[in-house]
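Listed below are the residues making up each chain.
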Number of protein chains: 2
Amino acid sequence: MRFVVIGGDAAGMSAASRAKRHQPDMDVVVLEKTGDVSYSACGMPYAIGDPQREMDGLIVRTADVFRKKQGIDLLTNHTVQSIDPENLNIKGTTLSGESFAFDYDKLLIATGASAIIPDLPGTGFPGVMVLKSLEEGRRIKTHISEKNVKKAVIIGMGYIALEMCEALRSLGIAVDMVKPRPTFLPWMHPDLSAVVREEVEKNEVGVKTGQAFRRVEERKNGLAVVCEDEEYPADMVLVAIGVAPNSMLAGTAGIELSVGNAIAVDKKLRTSADDIFAAGDCADAFDVVTGQKTWVPLALRANRAGWAVADNVCGKNKALPGIAGTAVFKVFNLEVARTGLNPKSAAEAGFDPVEVMIQSRSRAHGHPGSAPISVQMVGDQKSGRLLGVQMVGKDGVAHRINAPAVALHAGLTVDEFSQSDLAYAPPFGPTWDPMLTAANQLLKRL
Amino acid sequence: MRFVVIGGDAAGMSAASRAKRHQPDMDVVVLEKTGDVSYSACGMPYAIGDPQREMDGLIVRTADVFRKKQGIDLLTNHTVQSIDPENLNIKGTTLSGESFAFDYDKLLIATGASAIIPDLPGTGFPGVMVLKSLEEGRRIKTHISEKNVKKAVIIGMGYIALEMCEALRSLGIAVDMVKPRPTFLPWMHPDLSAVVREEVEKNEVGVKTGQAFRRVEERKNGLAVVCEDEEYPADMVLVAIGVAPNSMLAGTAGIELSVGNAIAVDKKLRTSADDIFAAGDCADAFDVVTGQKTWVPLALRANRAGWAVADNVCGKNKALPGIAGTAVFKVFNLEVARTGLNPKSAAEAGFDPVEVMIQSRSRAHGHPGSAPISVQMVGDQKSGRLLGVQMVGKDGVAHRINAPAVALHAGLTVDEFSQSDLAYAPPFGPTWDPMLTAANQLLKRL
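Residues numbered from 1 in each chain as written. Chains lettered and ligands numbered in written order. Predicted model: local features only at pLDDT ≥ 70, side-chain atom pairs only at ≥ 80, totals over all residues. Heavy atoms only, no water.

Student: Lay out the packing of aromatic side chains in plain terms, naming residues and giving numbers.
Tutor: Tallied over the full model, the rule gives eight aromatic pairs over all chains. Look at Y159(B) and W187(B): their rings are 6.3 Å apart centre to centre, the planes differ by 85°, and that puts the pair in the edge-to-face class. Of this pair, Y159(B) sits in helix 5 (residues 159-170) while W187(B) sits in the loop between strand 11 (174-178) and helix 6 (190-202), and the two are 28 residues apart along the sequence. Over the ring of F286(A) we find K293(A), and its NZ or CZ is 5.0 Å from the ring centre. The positively charged end of R338(A) is found above the aromatic ring belonging to W187(A), 4.6 Å away from the centroid. (Phe/Tyr/Trp six-rings, centres within 6.5 Å; stacked < 30°, edge-to-face > 60°. Helix = DSSP H or I, 4+ residues; strand = E, 2+ residues; numbered from the N terminus. Lys NZ or Arg CZ within 6 Å of the ring centre and 35° of its normal.)

Here it is, written out as structure tokens:
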């Protein structure tokens, strides 16, 4: 049996490795269009921001290890250009222009996602960068040192934009962030978003919301991001307005697409075409809270889905329940975390959301290092179910989000969650963990 | 209606305050035998170990606040000596020797627990201390400074003993810990216990297991803890071999006792006597994993049970599902956490336990500050249920235990827990959180 994998990043290599572990005699072929496989994409902002670190330090396993130790037929610089689901065949071209073709018994599309570049003048200038692939990360790091970047403009204010503004500031680079919409982090409760904005501005990043971006212009000594009312000079422009799934290959082959143009998969990661699976940032998922389709391009899901595909290719019948949309990021000294729905997405999904905002502390009353934690918790008026949590603070936020994340998977009510026996010791929290305080307060409104 | 509460610590004051909030016209009487109410008992080792902190800084709310702002009839230095469940009456004596008596409609016994002092010669010397009440904490702190303590011996090696060895070492005091049993932390997996022992010994604490303790002797310039084979000189001896519930008052009144002599309560915190509740360290609880009775004297349970009693006194019909036995402590630079059962307690409860031990890291591969985390996870061969987790590490352990704790409350299988969408970002963990890696490994054995 031949298992062909298109894309050699998190989902693709997880699937290929696991399939080989399950069935060492399986013919596993991975076709990767870049020269890189298996690197920590999420680590790129940190490697860019630290002069002591090299981008290639993010490579977890080299192509050679996959080939020689695991026996995977891993072909880099191989771009797949068409899938023929009728004849179980794929075709493509290598970087050097040679054609190739493979028949498959099972196929995994793990083509990932790409950074969105707005279709506006000047976004093709060499100093305008995006950050999604390792190659793009290398380009940014090289550009910063070779061009001696002193001033950067980031277009967008999402996770990557925020992580990169910290990375650039840590290198002493002046940073402005611009976005057209008036709200800084629209998915967050305004009280929480204000805490993040304050932290970013305290670190001397210009936060320019409501700046409709028109074009990038070349100037004598650099670039300028020209917005409707103002322009921002820069030695480097980072476009970080979001990512889109690389689903055109699948779409062209007639495979069904879904939310955000991601490839539609069922719980066993099967696409609408026989013997073709999709996993990772190119594929959709089920939301465990709403049961509806969602698209959340995050690393854990990609790895997990890759494994599940390998299990199913090997006849193990593995179904994934779905995702809670749990995410965390660090921006300067702040930890920001979320899981599940916010009131808006909850209402859209048909719930009757009720929310509380509470302030608690990361450690016991009077314990050194204790810092404020702000929590929004959302529940459903009708069923009493816990729907989501958002949280911001300088200490003890990141792992705290996992308790409500598990509660979402288990479908607990706010009342049930509020009875959880969470850990307490003065160096780590108040007697009532902030998660429990939020649940207790939310209960009063349900 | 009169609601009488015996004991003015976590459970008692939580109940009294909440009852008053529910029904401001209720006659709420609290009888506390010491002069202190509502302080953070768990904070005592940290206040003792920090010369900048005062013990009274641990008082969360003073008796006056409870009296004047909340209208609670709070009587300190009032020791209750008998309960008459037939006639709904209690009797006692004040510190100054006056008798008092109260009729009640509802009674809460929240008498807490006391440190166990072995019945051996010399434990009555002034330099021999225990740490359970704030008054005992003050005595220790005063003794250390007034007697200029340079050398201490701790009898026992539990949570309090370990927290206190750190506190004493931070004051520059030489510390030996002794215990008669040969195993350092018998409830832990030996690999984890070894990590804790190494950390303690690295901080120059003598860990003397297998030392059968015989007596304390007075010497010219201090005390000596005399064990079977050896003796340990000391300016101060801390006895920290455990606590026992203060249940004699209830037992004498004919109220049913249970595991460890704790007062038996149902899920609504009702004792075997009509209109008498018990909560806090004096009362038992249900284990959410086994469904059986257990006794876990921890602060969160005490507060929660106090609230539930107030709800039930006010006719709200509140039942507590039980506890997972989640606990965390810090010892020097190490965080130690647990929830649920270990293989031994799981087997005793009728499960067929299977365990794994894994090593993971607190942050992403190569991220600064990443430290090893060792995890033991236990599941049930028959049902696939998650049964318990233990974890040790220098970074990111404390809050990580709460995800499996919630899973225990929800009765998740290891497979279900392994599908949880936990947060990932390089500063906070590897893509697969150590909890998920442990679950994935355990699944292979189930």
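Student: Hey, could you go over the relation of the copies chain A and chain B for me, with residue numbers and the actual values?
Tutor: Overlay of chain A on chain B (RMSD 0.0 Å): rotation 180°, translation along the axis 0.0 Å. In symmetry terms, the pair is related by a two-fold rotation axis. Minimal C-alpha separation from the rotation axis in chain A is found for A403(A), amounting to 2.1 Å. Here 100% of the interface residues in chain A have copies in chain B that are interface residues too; the copies meet face to matching face. (Least-squares fit on C-alpha atoms with pLDDT ≥ 70 in both. Contact = heavy atoms within 4.5 Å.)

Student: Give me the lowdown on the sheet that holds strand 11 of chain B, citing residues and values where you can.
Tutor: All names here are of chain B. Reading across the sheet, the five strands line up as 9-16-10-11-12 and stay open at both edges, with parallel pairing between neighbours. Of all strands in the sheet, those bounded by a partner on one side alone are strand 9 (128-129) and strand 12 (205-208). With two bridges joining them, strand 9 and strand 16 (residues 236-239) adopt parallel strand pairing. Within strand 16, the residue paired with V128 across the bridge is V237. Seen against the sheet, helix 6 touches strand 11 and strand 12 and runs at an angle of roughly 135° to strand 12. (Pairing = 2+ DSSP bridges. Axes fitted to C-alpha atoms, helices over the stretch in contact; angles between N-to-C directions.)

Student: Pulling in residues and values, what's your account of the pairing of strand 11 (residues 174-178) of chain A?
Tutor: All names here are of chain A. The element strand 11 is extensively covered by neighbouring structure, given that four of its five residues are classed as buried. Alignment of strand 10 (residues 151-155) against strand 11, held across five bridges, turns out to be parallel. When the bridges of strand 11 are listed, K151 appears paired with A174. Since strand 10 and strand 11 lie parallel, the crossover through helix 5 (residues 159-170) that links them has a hand, and here it is right-handed. Strand direction decides the pairing type here: strand 11 and strand 12 (residues 205-208), joined by four bridges, are parallel. Within strand 12, the residue paired with D176 across the bridge is G206. Tracing the backbone out of strand 11, into helix 6 (residues 190-202) and back to the parallel element strand 12 gives a crossover that is right-handed. (Buried < 20%, exposed > 50% of the residue type's maximum accessible area, 1.4 Å probe, protein only. Right-handed = clockwise from strand over helix to strand, strands pointing away.)

Student: An account of the nonpolar core is requested, with residue identities and associated values reported.
Tutor: Formed by 82 residues in total, the largest nonpolar core has its most connected members in M377(A), F417(A), M377(B) and F417(B). Excluding anything up to four places from it in sequence, M377(A) contacts V354(A), E355(A), V356(A), L386(A), G388(A), V389(A), F417(A), M435(A), A438(A), A439(A) and L442(A). (Core = buried A, V, L, I, M, F, W, Y, C linked by side-chain atoms within 4.5 Å.)

Student: Requested: an account of the interface of chain A and chain B, with residues and values cited.
Tutor: In this assembly, 59 residues from chain A lie in contact with 60 residues from chain B. Buried surface at the junction of chain A and chain B, both sides included, amounts to about 5100 Å², of which 64% is carbon and sulfur. Where chain A packs against chain B, one counts two salt bridges. Residues D415(B) and K318(A) are paired through a salt bridge, measuring 3.2 Å at the closest nitrogen-oxygen approach. Where chain A touches chain B, the interface holds 22 residue pairs in polar contact (both at pLDDT 80 or more). Mapped by element, the contributors of at least two residues to the side of chain A that touches chain B are helix 8 (299-313), strand 21 (327-331), helix 10 (402-410), helix 11 (414-418) and helix 12 (434-445) of chain A. No other element matches helix 10 of chain A, which puts seven residues into the side of chain A that touches chain B. Looking at the side of chain A that touches chain B residue by residue, the class counts come to 31 nonpolar, 19 polar and nine charged. (Buried area = accessible area lost by both parts, 1.4 Å probe. Salt bridge = Lys/Arg side-chain N within 4 Å of Asp/Glu carboxyl O. Polar contact = N/O pair within 3.5 Å; in protein donor to acceptor, adjacent residues only side chain to side chain. Nonpolar A, V, L, I, M, F, W, Y, C, P; charged D, E, K, R; others polar.)

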